[in-house]
Amino acid sequence: MRQIVLDTETTGIDPREGHRLIEIGAVELVNRRLTGNTYHQYINPQREVEAEAIGVHGITNEFLIDKPVFAEVADAFWEFIRGAELVIHNAAFDVGFIDNEFTLLLGVRGEPRLGPVAEHCRILDTLQLARERHPGQRNSLDALCKRYEIDNGRRVLHGALLDAEILADVYLAMTGGQTALSLDAEERSDNQAMASGLSIRRMSLAAGTLRVLRPGQAELAAHQAKLEQIRQAAGSCQWDMLASQHHGSHDAAP
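Criteria and cut-off values
Residues numbered from 1 in each chain as written. Predicted model: local features only at pLDDT ≥ 70, side-chain atom pairs only at ≥ 80, totals over all residues. Heavy atoms only, no water. Helix = DSSP H or I, 4+ residues; strand = E, 2+ residues; numbered from the N terminus. Buried < 20%, exposed > 50% of the residue type's maximum accessible area, 1.4 Å probe, protein only. Contact = heavy atoms within 4.5 Å. Areas by Shrake-Rupley, 256 points an atom, 1.4 Å probe, with all protein chains shown as cover. Pairing = 2+ DSSP bridges. Salt bridge = Lys/Arg side-chain N within 4 Å of Asp/Glu carboxyl O. Axes fitted to C-alpha atoms, helices over the stretch in contact; angles between N-to-C directions. Polar contact = N/O pair within 3.5 Å; in protein donor to acceptor, adjacent residues only side chain to side chain. Phe/Tyr/Trp six-rings, centres within 6.5 Å; stacked < 30°, edge-to-face > 60°. Lys NZ or Arg CZ within 6 Å of the ring centre and 35° of its normal.

A. Spotlight on the overall build of the protein. Summing up its helical and strand segments, the protein has 10 helices and five strands in all. Within the protein, the fraction of its 254 residues that count as buried is 39%. Of all intrachain contacts in the protein linking residues separated by at least 6 positions in sequence, the fraction that spans at least 24 positions is 66%. Summed over its atoms, the accessible surface of the protein is roughly 15,100 Å², and 52% of this surface lies on carbon and sulfur atoms.

Written as structure tokens, this is what we have:
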């Protein structure tokens, strides 16, 4: 399954008041693995960014002056997300702005129309998911990072691509999966992964800190019964050979 974890930054809160997109960041997951494919684009909104918004994301009007307008990047962005499941924190906000941009695009280029997003992509709202799993608790992205022990130390200001990368970690942790940074090719080095904006974190565990649970008599009996079923069906059981090798290695030990 192809998923796109996505975040945006905007000039203000409500597109109905004329506010526009100024940044889109997205990372690709395929079968719950980060592939290393990303989409990142700053956009000239053709209007002023509110001071309050600048205080959140730090993107100034001066910085955006030479950036492309949405009409220039719309096709590439649409090809990146079309047909995928979009994983977004507070999806109504981001999808509302994206659909607004596609609607405004009609006045610039006319048909064919891109969007609406929900007609071409599945949408998974991680804020709603977090509220279902952690009712009555704070479920902002920062709060979820703390709850799931996700490193968000680089997140001083909001930024679309960084927030998308962090949200991917949070989503995988929240849904019971480990962030598998295979980058779709084992030969890629750690340095290449870091250069793409992804961080590889290795966990250390001191010896003796894991509990070892021994099987009870009922579990051992059920195990033996299952092995016998395999022997009857296949004529042999791989477990028998492994057990024999294991005992042989202990017999040979001095």
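Now that the structure is up, let's keep going.
B. Representation of the pairing of strand S4 (residues 85-88) within the structure. Burial along S4 is two-sided: the residues Glu85 and Val87 and Leu86 and Ile88 are all buried. Two strands pair when backbone bridges link them, and strand S1 (residues 2-10) and S4 are joined in this way by three bridges, in the parallel orientation. Along S4, the bridge assignment pairs Gln3 with Glu85. Direction of pairing for S4 relative to strand S5 (residues 122-125): parallel, over a ladder of four bridges. Along S5, the bridge assignment pairs Leu86 with Ile123.

C. Focus on the pattern of salt bridges. Under the definition given, this model contains five salt bridges. With its nearest N and O atoms 2.6 Å apart, the salt bridge here joins Arg2 to Glu28. Placement of the pair is Arg2 in strand S1 and Glu28 in strand S2 (residues 21-30), with a sequence separation of 26 residues. A relative accessible area of 27% places Arg2 in the partly exposed class. Here Glu79 and Arg82 are joined by a salt bridge, their closest N and O atoms 3.0 Å apart. We classify Arg82 as partly exposed; its relative accessible area is 44%.

D. Highlighting the sheet that holds strand S3 (residues 33-42). Taken together, five strands build an open sheet; the order of strands is S3-S2-S1-S4-S5 and the sheet is mixed. A strand with exactly one partner marks an edge of an open sheet, and here the two such strands are S3 and S5. When the angles between neighbouring strand axes are averaged without regard to direction, this sheet yields 25°. Pairing analysis gives nine bridges linking S1 to S2, with the strands arranged antiparallel. Across the sheet, residue Ile4 finds its bridge partner in S2, namely Glu28. On the sheet, helix H3 (residues 70-81) packs against S1, S2, S3 and S4 and is oriented at approximately 165° with respect to S3.

E. Structural detail: the environment of Asp66. Within the secondary structure, Asp66 sits in the loop between helix H2 (61-64) and H3. C-alpha of Asp66 to C-alpha of Asn44: the two residues are 22 residues apart in sequence and 7.2 Å apart in space. Looking at Asp66, its side chain comes within polar contact range of the side chain of Lys67, at 2.8 Å.

F. Seen up close, the packing of aromatic side chains. The full count for this structure, using the stated rule, is seven aromatic pairs. Aromatic side chains Tyr39 and Phe80 sit 5.9 Å apart centroid to centroid with 35° between the ring planes, which places their arrangement in the tilted category. Taken as a pair, Tyr39 in strand S3 and Phe80 in helix H3 lie far apart in primary sequence, 41 residues in all. Of the residues examined, Tyr39 reaches a relative accessible area of 10% and is grouped as buried. By relative accessible area, which is 13% here, Phe80 ends up buried. An angle of 85° between the planes, with centres 4.8 Å apart, marks the rings of Tyr42 and Phe63 as edge-to-face. Highlighted residues: Tyr42 in strand S3 and Phe63 in helix H2, separated in sequence by 21 residues. Members of the aromatic cluster, each reached through a chain of ring pairs, are Tyr39, Phe70, Phe77, Trp78, Phe80 and Phe102. Residue placement shows Lys67 over the ring face of Phe63; its charged tip is 3.9 Å from the ring centre.

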